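Examination of the molecular architecture
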Amino acid sequence: MQTLIEVNGLKKSYKDKEVIHSIDFKVGEGEILCFLGPNGAGKSTTINIITGALRCDSGSIQYRGESIYKDLIGYKSHLGIVPQDLALYEDLSAQKNVLFFASLYGLRGEDLAEGCRFAIDFTGLSDRANDKVSTFSGGMKRRLNIACAIAHKPELLIMDEPTVGIDPQSRNHILEGVKQLRDQGMTILYTTHYMEEVEEISTRIIIMDEGNIIAEGTNESLKAGIEGDRHYRIAVEYEAEPGDDALMRIDGVKKVEMDNCIIDITTDRKKENLDKIIAALIGSGVKINDLSAETASLETVFLQMTGKSLRD
Amino acid sequence: MYRFKSVFMLDLMNQLSNPMWVFYAIGFPIALILILGFLISGGYGEAVSSYDYFGVALMVFSVFNAATFSANSFMEERIKKPNMRLIYSPISPINIYLSKILASFAFCSMAYTFVAVFLRFVVGVNYGGANAWAPFVIMLVGNFFFAALGVLVCCILRDEGTTNNILSLIFAIMSLLGGVFFPVDGLGKAVATVSWISPARWMITACLRIIYDGDFSMFLPVFGLLIGLSVLAVVLCGRLFKGEDYL
């Protein structure tokens, strides 16, 4: 797979607070590369830097081996951007929105008309093409937000949380569309904090937290990294907080996290030690209210790596 | 050029299709001139009627408002988000702010030309007959300068609301000082002298001298000053405009 984008040592600060801490990654041609992370992880900042709209403090971004800043306008003409916010003229029709934004990429005449038809059809808005955007539902606006980014058939489509706040039907429509666009030859860079979306569409995943890349790989490889483990989440009541020493001494226990009345325990799947864990807790005067065992998911990958939930 | 034309046409259409802005650019000055002209008609003579005075002075006041239109066109919340796509698109940043300035200039010039023609035929405002081109040129250059000023202040403050609040206050003071609502010469020598700091004063005086005395002595200085200030404002926009402010 040929490298389309290569990012090295990317850093960005806002008012002395570093929000991106020297990250490196590559985007291969034909990938659906998903950036997964909670709000504030640095996904949108990273995306905005890759689009060339936001300057980084240091680091390099190369497109097909050349710095994007060498010919920024030329580089931008290869991109399609679906911003997180709905970036549409509400008083114009869907068609006029698409025509206008496509014209910014140099499309004119029959190419412009054809690009507009393709984008409107692709997003399923043909029957409302001449209606004002202000009359559209949230899901339709989200689809139009995508249509405005694909009419010029970009090489790299960058989608920043394109499904925020929409109904499941529109979300499925968008996710199916993303896969079809990839099949048509586009490379997709997709950010979200919904792990279900990532599991459905990604060919590769970068997990971000607090401005760092904390894991990178395919859905399967990331889960495989923790498949040797089992996670117990135990809801408890206690007078005094129990120490984790007793739990850590149990054979197979790898990690113990305590947060108020929730204890998260990561243990070796091959060791049958649940009875010992329960005994240790009861022995330290803890009352167990609930206990659940979790299977491997991107959520648990994230939880294991950061000690917090994706939606924290 | 094709991409700039696309952005310019959309910016212009956004202004022309906004009923509030059209009213503010056409209905408001007409109503203000007719009402003030009627109320103060007794205070003016036969040769120069109150309509003649306000037909010039309040047109200058309206020219100030080109700054409000350009600031809105540049960063108004309703338009700011779709404008964000301009930052992502392969167009030079200069096209973005220049388009807002030119679209506001074109919109105000069309609107105020209509207002002037309307007032000429309805209440017979005197714009100088054969010399009318000169006040017209001063108004046009003024429109451009104030449109550029609106965008420039937005580039500095990065917020359309704050820009409009500050500019409205400054324009109100400049209008009072510049004799928009009443001639300031009667308020004493000191006030009359201070009033020259207001662009309204130069513009109104230059126009009235051309219209009533055929005196063009102030035309070139006012024209040159407005052109100079316009160039300075556009250059500063280029220095201060940051596409990131749209993100």
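See the structure shown above.
Conventions used here
Residues numbered from 1 in each chain as written. Chains lettered and ligands numbered in written order. Predicted model: local features only at pLDDT ≥ 70, side-chain atom pairs only at ≥ 80, totals over all residues. Heavy atoms only, no water. Helix = DSSP H or I, 4+ residues; strand = E, 2+ residues; numbered from the N terminus. Buried < 20%, exposed > 50% of the residue type's maximum accessible area, 1.4 Å probe, protein only. Contact = heavy atoms within 4.5 Å. Areas by Shrake-Rupley, 256 points an atom, 1.4 Å probe, with all protein chains shown as cover. Lys, Arg positive; Asp, Glu negative; His and termini not counted. Charge placed at Lys NZ, Arg CZ, Asp CG, Glu CD. Buried area = accessible area lost by both parts, 1.4 Å probe. Salt bridge = Lys/Arg side-chain N within 4 Å of Asp/Glu carboxyl O. Polar contact = N/O pair within 3.5 Å; in protein donor to acceptor, adjacent residues only side chain to side chain. Pairing = 2+ DSSP bridges. Axes fitted to C-alpha atoms, helices over the stretch in contact; angles between N-to-C directions. Right-handed = clockwise from strand over helix to strand, strands pointing away.

On to the overall build of chain A, then. When its secondary structure is counted, chain A shows 11 helices and 14 strands. C-alpha atoms of chain A, sized along the principal axes, occupy 80 × 40 × 40 Å. For chain A, with 312 residues in total, the buried portion stands at 50%. Within chain A, residue pairs in contact and separated by at least 24 positions form 69% of the contacts whose partners lie at least 6 positions apart. Summed over its atoms, the accessible surface of chain A is roughly 13,700 Å², and 46% of this surface lies on carbon and sulfur atoms. Counting 36 positive and 50 negative side-chain charges, chain A places the averaged centre of each group 3 Å from the other.

With that settled, consider the environment of I87 of chain B. Residue and element names in this part refer to chain B. Tracing the backbone shows I87 in helix 5 (residues 77–88). Its relative accessible area of 6% is what places I87 among the buried residues. Along the backbone, I87 and S41 are 46 residues apart, and their C-alpha atoms lie at a distance of 52 Å.

Facing 30 residues of chain A, the contacting portion of chain B comprises 22 residues. Buried area between chain A and chain B, summed over both chains or domains, comes out near 2,400 Å², and the portion from carbon and sulfur atoms is 64%. For the interface between chain A and chain B, the tally reads zero salt bridges. Inspection of the region where chain A meets chain B yields eight residue pairs in polar contact (both at pLDDT 80 or more). Looking at the side of chain A that touches chain B, the elements with two or more residues in it are helix 2 (72–76), helix 3 (94–103) and helix 5 (138–150) of chain A.

Once that is clear, we can look at the sheet that holds strand 5 (residues 66–67) of chain A. Residue and element names in this part refer to chain A. Spatially, 2-1-4-5 is the arrangement adopted by the four strands of the open sheet, whose pairing is antiparallel. The outermost strands of the open sheet, each flanked by one partner alone, are strand 2 (17–28) and strand 5. Here strand 1 (residues 3–14) pairs with strand 2 via eight bridges, running antiparallel. Across the sheet, the residue bridging to K12 is I20, located in strand 2. Against the sheet, helix 1 (residues 43–50) contacts strand 1, strand 2 and strand 4 (58–63), and its axis sits at roughly 120° relative to strand 1.

Across the 10 residues that make up helix 3 of chain A, a large majority, seven, are buried. As for helix 3 of chain A, its buried residues are in contact with helix 4 (109–122) and helix 5 of chain A together with helix 1 (2–16) and helix 5 of chain B.

Moving on, we come to the sheet that holds strand 11 (residues 229–237) of chain A. Residue and element names in this part refer to chain A. Sheet architecture is open: four strands sit in the order 12-13-11-14, paired in antiparallel fashion. Two strands lie at the open edges of the sheet, namely strand 12 (253–259) and strand 14 (287–294), each paired on one side alone. Strand-to-strand, the axes of this sheet are offset by a mean angle of 20°, without reference to chain direction. Relative to strand 13 (residues 262–268), strand 12 runs antiparallel, the two sharing six bridges. Paired with M258 across the strands is I263, a residue of strand 13. Docked against the sheet, helix 10 (residues 274–283) engages strand 11, strand 12, strand 13 and strand 14, running at close to 155° with respect to strand 14. Docked against the sheet, helix 11 (residues 298–306) engages strand 11, strand 12, strand 13 and strand 14, running at close to 75° with respect to strand 11.

Note on backbone geometry: most residues besides glycine have negative phi, and most peptide bonds are trans. Residue and element names in this part refer to chain A. Notably, K15 is not glycine yet its phi reads approximately 50°, a positive angle. Within the secondary structure layout, K15 lies in the loop between strand 1 and strand 2. Its relative accessible area of 85% is what places K15 among the exposed residues. A positive phi angle, near 70°, is found at D16, a position not held by glycine. Relative to the helices and strands, D16 is located in the loop between strand 1 and strand 2.

With that out of the way, let us pick up the environment of I96 of chain B. Residues and elements named next belong to chain B. Tracing the chain through its elements places I96 in helix 6 (residues 93–122). For I96, a relative accessible area of 2% corresponds to the buried category. Residues I96 and G243, 147 residues apart in the sequence, show an inter-C-alpha distance of 9.1 Å.

The next subject is the pairing of strand 7 (residues 156–160) of chain A. Residues and elements named next belong to chain A. The buried count for strand 7 comes to five of five residues, which makes it a mostly enclosed element. Neither face of strand 7 is left uncovered, since the one carrying L156, I158 and D160 and the one carrying L157 and M159 both have all their residues buried. Relative to strand 7, strand 6 (residues 79–82) runs parallel, the two being bridged by four bridges. Across the sheet, the residue bridging to V82 is M159, located in strand 7. Bridge count between strand 7 and strand 8 (residues 187–192): five bridges; the pairing is parallel. Across the sheet, the residue bridging to M159 is Y190, located in strand 8. Considered for its hand, the β-α-β crossover made up of strand 7, helix 6 (residues 168–183) and strand 8 is right-handed.

Any functional reading would require information that these geometric values do not contain.
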